[in-house]
Amino acid sequence: MTQGLESVQLELVDSVAKAQEFLTWLGERRPMNAVAIDTETGELPGNPRDHALSPWHGRLRLVQVGDGQRGWSIPWAEWAGVFYEAMNKFDGPIVCHNISFEAKWFEIQSDWRMPWHKSHDTMIMAQLIDPLGSGALKRLTAQYVDGKAAALQSHLDESMTKNGWTWGTVPTNFQPYWAYGALDTVLTMRLFEQFWEKCGPGQPYSQAYELEMAARKIVTRMELNGARVDLEYSKNKFDELTQYGESVKQWGKDNYGVSITSNIQLVRLLEGLGAEITETTPSGQKSASADQLKALMITGNPEVQQLADVVLKQRKSDKLANTYFKNFLENNVNGFVHPSVKTMGARTGRMSITNPALQTLPKGDDTVRRAFLPKDEDHVIITSDLDQVEFRMFSSLSGDENLISLFNLADATGSDPFTEIGREIYQDPTMQKSDKRRSLIKGVVYGRLYGAGVEKQALTAGVPKPQMQAVSDAFDLRFPGMTMFQKKVEDIGMRRLREEGQGYVNTWTGRRLPCDEDRVYTLVNYLIQGGAAEVFKSNLIKLDQADLTDLLIVPVHDEIVLNAPREDAAEIQQIVRECMTTRDGWAVPLTADVDGPLENWGEKYR
């Protein structure tokens, strides 16, 4: 714990005298010569409240600057010039809590740009130090600084409710509002002073922190770049999918007298048709979940199979219509969408994408991807996707020579690793990639990577459990190194759980990935998934060093999508392939596929 907040001074720049006092204060020397910067934003009059969070739709209201003892709020409309004068002269480090948010607002609504080469992010630091903890500033403050810090926000929330104010209408000179903003910079600096001891040069998380900050800069540029979408196609698809979904719901009412969107009614209907429901919700209620419906498509009678299939298709159509196409139509800016990317969206460090949630796009489906276009007629789409990166990492780390040799054979001959493994297991040298048995091999591999048992592997592959069990047993017989590696990781996790109170693994950058107490078996997945995330981010840095950042559109899973000048597409494809491939340090090279030139992203999947 650091000292409390009793001596903190909070100031509002509302006069020439205060402006001069702020400039004088900024010129003083302080620990690490660093200051924190924060913003308060709001929606424009009459617009939806969520526009307060969008630099393309909202407005900048306050900019705050502070150190560990003093914080200043600067009303943007009246005193932006004071901020420009101050920051153009300031040569020390800049600290933010969620730097991407601030950087985008300054980029869109100011003449000042975030100096990434000397900037830091305490949210990233917090997530590295404790992947299971909160990244929210107030919660971190309560834990590391002073539990009373949240009191000012509570007072502000009460005042805003009482007066009917929003973040766009609360007066900038309302003391709880500007003081709340100014205090955030003080809190950010207090956190930075503590977190630097673990994330600074030579400290345990320094390598992971440097990687994350570099990736955050590149991904923020992607968010600003945005992706052009086909609005006419999006409108037609939204209407088509919506109409289909409504027709299916009406079909359910007409034929069965129930709402198929009601879990309770659907479960009763399925049971009435002879289905056995084994899935339950956390509260214990029977659930017609996606997994349950997939299982019924295998085990149910013909009518149950048909109903399960129809409901799954209806759910998919509703999700595509509302999660994606509706979002494109409502949130585009001059035909471009600007997805929000959390570069540390999961405890493993994998990215997640919202508005829209592109990480949940159905694999191999071109329906939504078809909407993504090059930014103009002089550009084309290029995509690059890591080739089975998690399986390749798993194979390298396992040290299983037979598995490694099959991977290298597949790479050398242009074959497919799952096909080569299938030929080995089934003793069938004629097996091709189109063979249905290949999906069973994938089910075993990825089931183990994700901690799924044989039953779940069978469900995912759509085959009976005994059939999947036979494939799993044959796999163990021929590739024992994978099972041995899994056991080794779990044993390390159990030992750490006993001795240190928490099971965890460390990635190659030193990132610490903890597991829940009763789920030590997930550590294999965390190690592979976390390592793959770091490899992908390292590849983004290589793309940045190749001066391709301005062409990057969006990262999805292990895939990067780019705009490329049409005339340079072939050259850029080769550069992308080199940047996305990692050979050093891996027995099985982490290769990448490159597709293009494409007239839309969906062409890759046709």
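Quick caveat, the model's predicted, so the values are computed rather than measured.

## Details of the pattern of salt bridges
In step 1: Tallied over the full model, the rule gives 36 salt bridges.
In step 2: Across the pair Lys537 and Glu212 runs a salt bridge, and its minimum N-O distance is 2.7 Å. With Lys537 in helix H21 (residues 523-545) and Glu212 in helix H8 (residues 206-225), this pair connects stretches of sequence that are 325 residues apart. For the pair shown, Lys537 and Glu212 are each scored as buried.
In step 3: Its salt-bridge partner being Arg347, residue Asp516 comes within 3.4 Å of it at the nearest N-O pair. Highlighted residues: Asp516 in the loop between strand E14 (512-514) and H21 and Arg347 in the loop between strand E9 (340-342) and strand E10 (352-354), separated in sequence by 169 residues.
In step 4: According to the relative accessible area criterion, Asp516 is partly exposed, its value standing at 30%.
In step 5: Taking the relative accessible area as the measure of exposure, Arg347 reaches 22% and is therefore partly exposed.
In step 6: The network of salt bridges with common partners includes Glu11, Lys18, Glu21 and Arg70.

## Examining the packing of aromatic side chains
In step 1: Under the defined criterion, the tally for this structure stands at 25 aromatic pairs.
In step 2: Note on Phe372 and Trp601: the rings are 5.3 Å apart at their centroids and 85° apart in plane angle, and the pair reads as edge-to-face. In this pair, Phe372 is assigned in strand E11 (residues 372-373) and Trp601 in the segment after strand E17 (592-598), connecting sequence segments 229 residues apart.
In step 3: By relative accessible area, Phe372 is classed as buried at 3%.
In step 4: By relative accessible area, Trp601 is classed as buried at 0%.
In step 5: Through pairs of rings, three or more aromatic residues link up here, namely Trp76, Phe83, Tyr84, Phe106 and Trp112.
In step 6: The ring of Trp601 carries Arg369 above its face, with NZ or CZ at 5.2 Å from the centroid.
In step 7: Above the plane of the ring of Tyr605 lies Arg369, whose end atom (NZ or CZ) is 4.5 Å from the centre.

The rules behind these values
The residue numbers shown here count from 1 along each chain, following its written sequence. With pLDDT at 70 or above as the cut-off, local features in this predicted model cover only qualifying residues; side-chain atom pairs require 80 or more to be listed or tallied, and sums for whole chains, interfaces and linings still use all residues. Values reported for side chains reflect all heavy atoms of the structure, with hydrogen atoms and water molecules removed beforehand. The term salt bridge refers to a pairing of a side-chain nitrogen on Lys or Arg with a carboxyl oxygen on Asp or Glu at a separation within 4 Å. A run of H or I in DSSP becomes a helix once it reaches four residues, and a run of E becomes a strand once it reaches two; helices and strands are each numbered from the N terminus. Only protein chains enter the calculation, and the probe is 1.4 Å; a residue is then buried if its accessible area is under 20% of its type maximum, exposed if over 50%, and partly exposed in between. Between rings of Phe, Tyr and Trp, where Trp is taken as its six-membered ring, a pair exists when centres lie within 6.5 Å; planes separated by under 30 degrees are stacked, by over 60 edge-to-face, and by other angles tilted. Cation placement over rings: the criterion is NZ of Lys or CZ of Arg within 6 Å of the ring centroid and within 35° of the ring normal.

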